[in-house]
Amino acid sequence: MMRLCSIAALIHCPVSFVRRFSYKDIKKATDGFCRIIYSSAHGAAYKAKFRDGELALVKEIKDFEQTKDVFYREVQLLGRLHHRHLLPLIGFSMEQKSLLVFENIENGSLKDHLNDPLRTPLNWKTRRQIAVGVAAALVSRQCIYIGTHEYLLLFNDPPIYHVSISSSNIMLDEDFTAKLSDVGFLGSSGNSTNAPHTKCSEDRTGSQCNNIIFQLGVLILELITGQSSEEGGFDLIQWVQENRLGGSVHNLIDPDLGSDYSSRELENLLDVARACIRSRDKPVFSAAKLLRYLQKKIDTPT
C-alpha cells in the first residue's frame, strides 16, 4: 500500500535495519580516515573495510553544526530513502564525529574509471546510461519505508534534500549503474548542510536548481571526454571550448572509445551539456525536462 506522509511523521519511527557503528571500528576500517575517496563541501568520504571483511563507504559530515538529535533525524530519513540511483545508507556513528556508513560499491567511483589507466574503459552505452541515471535521481519520486508500509516522498518546495554531483561521488555497482553518494536531508531550521545543492522539483527552474544542473552538464562533459574536472568544471569547460574552435566535435571524444560511439548521440549529449552549463547563470529548463530529453534523444531506459 502506497501512502503519503510528512517529514515530521517519519522522525519518530526508528529504522531498525540501520546499524550503529563505533567510532573506533570506523577509524580502524578507514585506516585512520586516510583512505579518502572524495571531499566536498558536505564532507569527506572514505573507503572502509571492517574486521568481518565488510566493505563500505563512510562519509564524515564536516560542517554539521546542528545537535545530535538533528543528525539522528537525518540518519532516520536517509535510512528510509530508496532509489535505484542513490547509494543506500546502512549505518552511522554519533561519537567523536558525525559519520554515515553507506553500502559498498564494488566498481568504485566514476572518476576511478575515467582516470585509472589500469581499468577497462567504460563503453559508450555505459556512459550514456550513467548520464540518464544521474538525471533520473534528480527528478524521480523517492520511496520511504516504515514497517510494512511504503510511503511516497513527493516533490517539495522548498526541496527536502540536497545533492551534489561529480565523478568522484558517483559510485558504480556491479552492473555499472550510477549511484549518487553525496546526498543529505535538510536540517530542522530549514537549511541544509549546503543549501545551494538542492533537489530540483519537476516544474522548478529557479536559482536553487541552477548549480545542480550545471554540475550535471560538467559530468556529461567528463563522460564524453574521459577527463575529470578539478576546478568546479571551469577547467574542463575551457578545454572543450578551445578544442571546439580547432575542429570537429569528434576531437572531444575520449580516445579510449575509439569509434565505438554514436555521432548522433554525441551531438545530443553535447547539446544537453551546453544547456546545463548555461543554467548556472540563467535557468534553461527543469531537471524533469532534461531527463525527458535525454531519454528521447539517446533512447536509453532508466
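Position labels on residues start from 1 in each chain and follow its written sequence. Restriction of local features to residues with pLDDT of at least 70 applies here, the model being predicted, together with a cutoff of 80 or more for giving and counting side-chain atom pairs; totals for whole chains, interfaces and linings are based on all residues. No hydrogens and no water enter the side-chain calculation; it runs on all heavy atoms of the structure.

Thoughts on the pattern of salt bridges
Any two side chains of opposite charge can pair, so long as their charged atoms come close to each other. For this analysis, a salt bridge means a side-chain nitrogen from Lys or Arg found within 4 Å of a carboxyl oxygen belonging to Asp or Glu. Taken as a whole and assessed by the stated rule, the structure comprises 10 salt bridges. For the salt bridge of Arg35 with Asp31, the shortest nitrogen-to-oxygen distance reads 3.9 Å. A simple rule labels every residue: compare its accessible area, found with a 1.4 Å probe on the protein chains alone, to the largest value its type can have, and call it buried under 20%, exposed over 50%, or partly exposed in between. Arg35 gets classed as partly exposed once you look at its relative accessible area, which sits at 26%. Notably, a salt bridge pairs Arg264 with Glu265, separated by 4.0 Å at the nearest N-O pair. Judged by its relative accessible area of 5%, Glu265 falls in the buried class. Members of the salt-bridge network, linked through shared partners, are Arg128, Arg264 and Glu265.

Comments concerning the packing of aromatic side chains
By convention, a stacked pair of Phe, Tyr or Trp rings (six-membered ring in the case of Trp) has centres within 6.5 Å and planes under 30 degrees apart, an edge-to-face pair has planes over 60 apart, and any other such pair is tilted. Overall, the coordinates contain 5 aromatic pairs when judged by the stated rule. Grouping aromatic residues by their ring pairs yields a cluster made of Tyr23, Phe33 and Tyr46. Should the NZ of a Lys or the CZ of an Arg lie within 6 Å of a ring centre and within 35 degrees of the ring normal, that charge is described as sitting over the ring. The ring centre of Phe33 lies 4.1 Å from the NZ or CZ of Lys97, which sits over that ring.

Comments concerning the side chain of His85
Secondary structure elements are defined from DSSP: runs of H or I of at least 4 residues count as helices, runs of E of at least 2 residues count as strands, and each element is numbered from the N terminus. Looking at the element boundaries, His85 is found in the loop between strand S6 (81-82) and strand S7 (89-93). Residue contacts are counted whenever heavy atoms from the two residues lie within 4.5 Å of one another. Ignoring sequence-local partners within four residues, the contact set of His85 consists of Gly133, Ala136, Ala137, Thr177, Ala178, Lys179 and Leu180.

What to know about the nonpolar core
Counting residues in each nonpolar core, the largest one holds 71 residues, and the members touching the most others are Leu100, Leu110, Val134, Ile165 and Leu216. Either an automatic procedure or a domain database provided the assignment from which the domain bounds are taken. Each of domain 1 (18-102) and domain 2 (108-194 + 206-295) accounts for three or more of the residues forming this core. Once residues within four sequence positions are removed from consideration, Val134 is found in contact with Ile165, Ile170, Ala178, Leu180, Leu216 and Leu219. To qualify as a nonpolar core, a set must consist of buried Ala, Val, Leu, Ile, Met, Phe, Trp, Tyr and Cys residues joined through side-chain atoms within 4.5 Å. Phe21, Tyr23, Leu99 and Val101 belong to the second largest nonpolar core, which has 14 residues in total.

Thoughts on helix H3 (residues 68-80)
Helices are assigned an expected span. That span is 1.5 Å times one less than the residue count. An ideal rise of 1.5 Å per residue puts 18 Å on 13 residues; H3 measures up with 19 Å between its terminal C-alpha atoms. The element H3 is largely enclosed, with a buried count of 10 among its 13 residues. All of the buried residues along H3 are Val70, Phe71, Arg73, Glu74, Val75, Gln76, Leu77, Leu78, Gly79 and Arg80.

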